[in-house]
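Coordinate inspection notes
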Amino acid sequence: MRASDRAYAALRDDIVQWRLLPGTLLAEVEQSERLGVSRTPLREALGRLTAEGLTTAAGGRGVVVTGISLEDIDELFELRETLEGRAAELAAERGNPDDFAQLHGELLDATALISGDDPARNDYYALVARLDAAIDSAVSNTYLAQAMRGLRVHLVRVRRLAADDAVRLAAAATEHAAIAEAIADRNPRLAHAATTVHLHRSLSHIKATHTPQ
């Protein structure tokens, strides 16, 4: 892996996982030393992060990690409904039903992953990521899949602003299961509708439990 790619991946993960909080100044010297790269690849990495909206220029002092407001969340979900609703339709038309039937069954059994010993619920979120990846693959549209991957970087950050309680996660697993089932049944309209319901409930929960940053 190139030094700039390594620095980019490390910084993006730190930002998405809230180890680098909004407003944190990413000074070149400090970050170069921390990540073990020279300043040129670090600048390349910071440029990519700024292009993605994860950092922004700090008036000649370098770049800072961007914050997320309620207005940002509304805009993200407007785009998310457009992209994910269409992707669910296309997956229902083009995807392998067996793949989504398998995911449907796993999502119905996701309660054990949510109520287990891992407070970060890594196994549950990995299962949701598998559903996302299956939809991306099924749509057979490089541009749509790329746009959705870029959007999800911000959505992971947004998720950390809301209270990740087990009740909401169990409901979300059921909603994801409904999406997978509709795709497995090759029902584009139902897949779109199930996606819309899930996004509406997710947005309502985030707004109700949002911690300003």
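Predicted, not measured: the structure shown is a model, and the values here were computed from it. (Residues numbered from 1 in each chain as written. Predicted model: local features only at pLDDT ≥ 70, side-chain atom pairs only at ≥ 80, totals over all residues. Heavy atoms only, no water.)

1. Considering the sheet that holds strand β1 (residues 25-26)
Judged by pairing direction, the sheet is antiparallel, and its 3 strands sit side by side in the order β1-β3-β2 without closing on themselves. Each of the sheet's edge strands pairs with one partner strand only, and the pair in question is β1 and β2 (55-57). Of the pairings in the sheet, the one linking β1 to strand β3 (residues 63-65) comprises 2 bridges and is antiparallel in character. By the bridge assignment for β3, L26 is matched with V63. (Pairing = 2+ DSSP bridges. Helix = DSSP H or I, 4+ residues; strand = E, 2+ residues; numbered from the N terminus.)

2. Side note on the packing of helix α5 (residues 97-108) against helix α7 (residues 122-139)
How two helices pack is summed up by the angle between their axes together with the distance between the axes. Where α5 contacts α7, the axes come no closer than 11 Å and their chain directions differ by 160°. As summarised for this structure, α5 and α7 are arranged roughly antiparallel, according to the angle between their axes. Here α5 and α7 pass one another in a crossing that is left-handed. Contact residues: α5 offers F100, L103, E106 and L107, while α7 offers L127, R130, L131, A134, I135 and A138. In the contact of α5 with α7, the residues fall into 8 nonpolar, no polar and 2 charged. (Axes fitted to C-alpha atoms, helices over the stretch in contact; angles between N-to-C directions. Parallel < 35°, antiparallel > 145°, perpendicular 65-115°, else oblique. Left-handed = near helix turned anticlockwise from the far one by under 90°. Contact = heavy atoms within 4.5 Å. Nonpolar A, V, L, I, M, F, W, Y, C, P; charged D, E, K, R; others polar.)

3. Notes on the environment of R121
By the secondary structure assignment, R121 is in the loop between α6 (111-114) and α7. The sequence separation of R121 and T142 amounts to 21 residues, and the corresponding C-alpha distance is 30 Å. A distance of 3.2 Å separates a polar side-chain atom of R121 from the backbone oxygen of I114. (Polar contact = N/O pair within 3.5 Å; in protein donor to acceptor, adjacent residues only side chain to side chain.)

Interpretation in functional terms is not warranted from these geometric data alone.
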